[in-house]
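# Observations on the three-dimensional arrangement
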Amino acid sequence: MSQTILITGATGMLGNALTQALVSKGYTINQLSRKNTTSTDPDIKTFSWDVYAGDIDPHCIENVKAIIHLAGENIAARPWTKKRKFDLVESRTKSIYMIYDLLRKSKDHHVKTIVSASAVGFYGDRGNTLLTETSIAGTDFLSDVTVQWERAVDTGNLLNLRVVKLRSGIVLDKKEGALPQLIKPVKLGFPAALGSGNQWMPWIHLSDAVNMYIYALENENMEGAYNMASPQVVTNEMFMQTLAGIYHKKWRLPNVPAITLRILLGKLSEMLLMSTRTSSDKILATGFKFQFTDLKEALEDVLHK
């Protein structure tokens, strides 16, 4: 009998790719979804839940050995109103609390591991400081969201679960996430760095992100937080120049001033202007091997395959 994994947020960019990769390795997947969807793949089962209503199908944990927690409202989808900020936190914390409550009520569950998404936003805007998993959290809103997120996930320790948190940088994907938005001005012939351009931008190829989740799932020696970003961290200017080169666009424009971004995007501009220089030493020390460590190669693979 194949091992069953419960995935929250399975219909998103990362969740969909991870589901397909796990099924190809022989796993059975239970998905939690707000939509009444069914899969034609017999190895994928969908169970309903509504985080805001507090409803969850208790059958979702049957035969489950591990949970991958990816659920959470899209940080960059809409302006950060007071209600939006509440939803960004609630979608990440209440969701995992609901699952943990279900585990407490079930006397015969088999769950041993929780691998959760997190974000390098945990560290906040830290300039050129090299950030390891022992670095303190930042003090801005994004940091607060991530701290509350991880704190909720960590309560799994009280259930004797092995808890792993993967702090993700920008996940490179052609159709979803931040990359399509960064590509737009470049393709239109307006490549430019944002703000000073000196802010560090951790990134990871989607394939490496998927592989790291599976690695964390299967490697029982892993526990705690790990930065999920390529060893080659680049500045925003390096990133945009690399994109410009791939699309054969001349680099001739001045940087987009930070004040302009703040006027256009409000608080969302913080995501583009914060500097997070992460270390990947901890995950490398476990034996994990990145497939893509060069930004140009990673972008060409994502954009041209």
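For clarity, every value in this text was computed on a predicted model and none was experimentally measured.

### Observations regarding the packing of helix α1 (residues 13–24) against helix α5 (residues 206–218)
Between α1 and α5, the shortest axis-to-axis distance is 10 Å and the interhelical angle comes to 60°. If you check the angle between α1 and α5, you find them oblique. Pair α1 / α5 crosses with right-handed handedness. Across from Met13, Leu14, Ala17, Leu18, Ala21 and Leu22 in α1, the residues of α5 making contact are Leu206, Ala209, Val210, Tyr213, Ile214 and Leu217. Its residues assigned to classes, the contact of α1 with α5 comprises 12 nonpolar, no polar and no charged.

### Things to note about the pattern of salt bridges
In the structure shown here, the tally under the stated rule is 9 salt bridges. The closest approach of N and O atoms between Asp87 and Lys83, which form a salt bridge, is 2.7 Å. With Asp87 and Lys83 both in helix α2 (residues 82–105) and 4 residues apart, this pair spans about one turn of that helix. Residues Arg167 and Glu150 are paired through a salt bridge, measuring 2.7 Å at the closest nitrogen-oxygen approach. Note that Arg167 is positioned in strand β8 (residues 162–168) and Glu150 in helix α3 (residues 141–154), a separation of 17 residues in sequence. Neither Arg167 nor Glu150 differs from the other in exposure class; each is buried. Here the residues in one salt-bridge network are Glu150, Asp154, Lys165 and Arg167, joined through shared partners.

### Here's the deal with the sheet that holds strand β2 (residues 28–33)
Spatial ordering of the open sheet is given by β4-β3-β2-β1-β5-β6-β8-β12, a layout of 8 strands whose pairing is mixed. Two strands lie at the open edges of the sheet, namely β4 (55–56) and β12 (224–228), each paired on one side alone. Pairing analysis gives 5 bridges linking strand β1 (residues 4–8) to strand β5 (residues 64–69), with the strands arranged parallel. From the neighbouring strand, Leu6 faces β5, where its bridge partner is Ile67.

### A few points about the packing of aromatic side chains
Two measures describe an aromatic ring pair: the distance that separates the ring centres and the angle between the ring planes. Overall, the coordinates contain 3 aromatic pairs when judged by the stated rule. With a centroid separation of 5.3 Å and 85° between ring planes, the pair formed by Phe122 and Tyr123 is classed as edge-to-face. For the pair shown, Phe122 and Tyr123 are each scored as buried. Here the aromatic rings of Tyr215 and Phe288 are separated by 5.4 Å at their centres, their planes lie at 65°, and the arrangement is edge-to-face. Here Phe288 lies in the loop between α9 (281–285) and α10 (295–304) and Tyr215 lies in helix α5, a separation of 73 residues in the sequence. Phe288 gets classed as buried once you look at its relative accessible area, which sits at 6%. Each residue in the set Tyr215, Phe288 and Phe290 is aromatic and connected to the rest through ring pairs, giving one cluster. A cation sits over an aromatic face here: Lys85 above Phe141, 4.9 Å from the ring centre.

Rules of the game
- Residues numbered from 1 in each chain as written.
- Predicted model: local features only at pLDDT ≥ 70, side-chain atom pairs only at ≥ 80, totals over all residues.
- Heavy atoms only, no water.
- Axes fitted to C-alpha atoms, helices over the stretch in contact; angles between N-to-C directions.
- Helix = DSSP H or I, 4+ residues; strand = E, 2+ residues; numbered from the N terminus.
- Parallel < 35°, antiparallel > 145°, perpendicular 65-115°, else oblique.
- Left-handed = near helix turned anticlockwise from the far one by under 90°.
- Contact = heavy atoms within 4.5 Å.
- Nonpolar A, V, L, I, M, F, W, Y, C, P; charged D, E, K, R; others polar.
- Salt bridge = Lys/Arg side-chain N within 4 Å of Asp/Glu carboxyl O.
- Buried < 20%, exposed > 50% of the residue type's maximum accessible area, 1.4 Å probe, protein only.
- Pairing = 2+ DSSP bridges.
- Phe/Tyr/Trp six-rings, centres within 6.5 Å; stacked < 30°, edge-to-face > 60°.
- Lys NZ or Arg CZ within 6 Å of the ring centre and 35° of its normal.

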